[in-house]
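# Results of the structural survey
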Amino acid sequence: MRFLKQFNHSQVKNKTATPQETWQLNVFGRVQGVGFRWSVQVLADQMQLCGTVKNNSDQTVTIVLQASLALVNEFCAALPHNISQFAKISKIKKEKLVNVGKMQGFHVLY
């Protein structure tokens, strides 16, 4: 089963030493009402990332991550392989945010 594959923590150690940036990911597809935010939180925790995930009124989901671009790209590549069988990602739009304070942990916003 592809749901919640273990992430290799050794990949994270080398990338977390780089300066932290804040990235917003807007995720499109079947991503609400299918356990998607929980899947995002589990993957982010496995990758030791700080940030948030929340549903939007337009049926998309917004993920905010504080990490290097390389680690954000790794998260985006791993995400489709670590979601419930009922979710389906059609597109992820990535945008760098500025002037965001340091985040602690990863949280689902309601």
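Residues numbered from 1 in each chain as written. Predicted model: local features only at pLDDT ≥ 70, side-chain atom pairs only at ≥ 80, totals over all residues. Heavy atoms only, no water.

Turning to the overall build of the chain, a few remarks are in order. Of the regular secondary structure elements, the chain holds three helices and five strands. For the chain, the sequential pattern of α-helices and β-strands runs α-β-α-β-β-α-β-β. Partitioning the intrachain contacts of the chain with sequence separation of at least 6 by distance along the chain shows that 82% fall at a separation of at least 24. Accessible surface, the chain as shown: approximately 6200 Å² in total, 53% of it carbon and sulfur. (Helix = DSSP H or I, 4+ residues; strand = E, 2+ residues; numbered from the N terminus. Contact = heavy atoms within 4.5 Å. Areas by Shrake-Rupley, 256 points an atom, 1.4 Å probe, with all protein chains shown as cover.)

With that out of the way, let us pick up the nonpolar core. Core analysis: the largest hydrophobic core is formed by 27 residues, its most contacted members being Phe36, Val40, Leu49, Ile63, Leu65, Phe75 and Leu79. When contributions to this core are tallied by element, the ones reaching two or more residues are β1 (21-30), α2 (36-46), β3 (61-67), α3 (69-78) and β5 (106-109). Looking at which element gives the most residues to this core, the answer is α3, with five residues. Sequence-distant contacts of Phe36, that is, excluding residues within four places in its chain, are made with Val27, Val31, Val61, Leu79, Ile83, Ala87 and Ile89. (Core = buried A, V, L, I, M, F, W, Y, C linked by side-chain atoms within 4.5 Å. Buried < 20%, exposed > 50% of the residue type's maximum accessible area, 1.4 Å probe, protein only.)

For the rest of this paragraph, the subject is unusual backbone geometry. Backbone geometry places Gln48, a non-glycine residue, at a positive phi of 60°. Given the relative accessible area of 53%, Gln48 is considered exposed. A positive phi angle, near 55°, is found at Asn99, a position not held by glycine. Tracing the chain through its elements places Asn99 in the loop between β4 (88-97) and β5.

Take α2 next. When α2 is considered as a whole, its buried residues turn out to be Phe36, Ser39, Val40, Val42, Leu43, Ala44 and Gln46. Those residues of α2 hidden inside the fold are in contact with β1, β2 (50-55), β3, α3, β4 and β5.

What follows is about the packing of aromatic side chains. On inspection of all chains with the given rule, the structure shows zero aromatic pairs. Note that Lys91 overlies the ring of Phe28, its terminal NZ or CZ placed 4.6 Å from the centroid. (Phe/Tyr/Trp six-rings, centres within 6.5 Å; stacked < 30°, edge-to-face > 60°. Lys NZ or Arg CZ within 6 Å of the ring centre and 35° of its normal.)

Before going further, it helps to spend a moment on the pattern of salt bridges. Taken as a whole and judged by the stated rule, the model has one salt bridge. When the shortest N-O distance is used, the salt bridge between Glu21 and Lys96 registers 3.3 Å. In this pair, Glu21 is assigned in strand β1 and Lys96 in strand β4, connecting sequence segments 75 residues apart. (Salt bridge = Lys/Arg side-chain N within 4 Å of Asp/Glu carboxyl O.)

Of the residues in the chain, 83% reach a pLDDT of 70 or more, and the chain-wide mean stands at 89. This model gives residues 13-17 a pLDDT under 50, and the stretch forms five contacts once residues within four places in sequence are excluded. (pLDDT = per-residue confidence, 0-100.)

The side chains of a regular strand alternate, residue by residue, between the two faces of the sheet. Burial along β5 is one-sided: the face carrying Phe106 and Val108 is buried and the face carrying His107 and Leu109 is not. Pairing of β2 with β5 involves four bridges; the strand directions are parallel. Looking at the pairing, Lys54 lines up with Leu109 of β5. (Pairing = 2+ DSSP bridges.)

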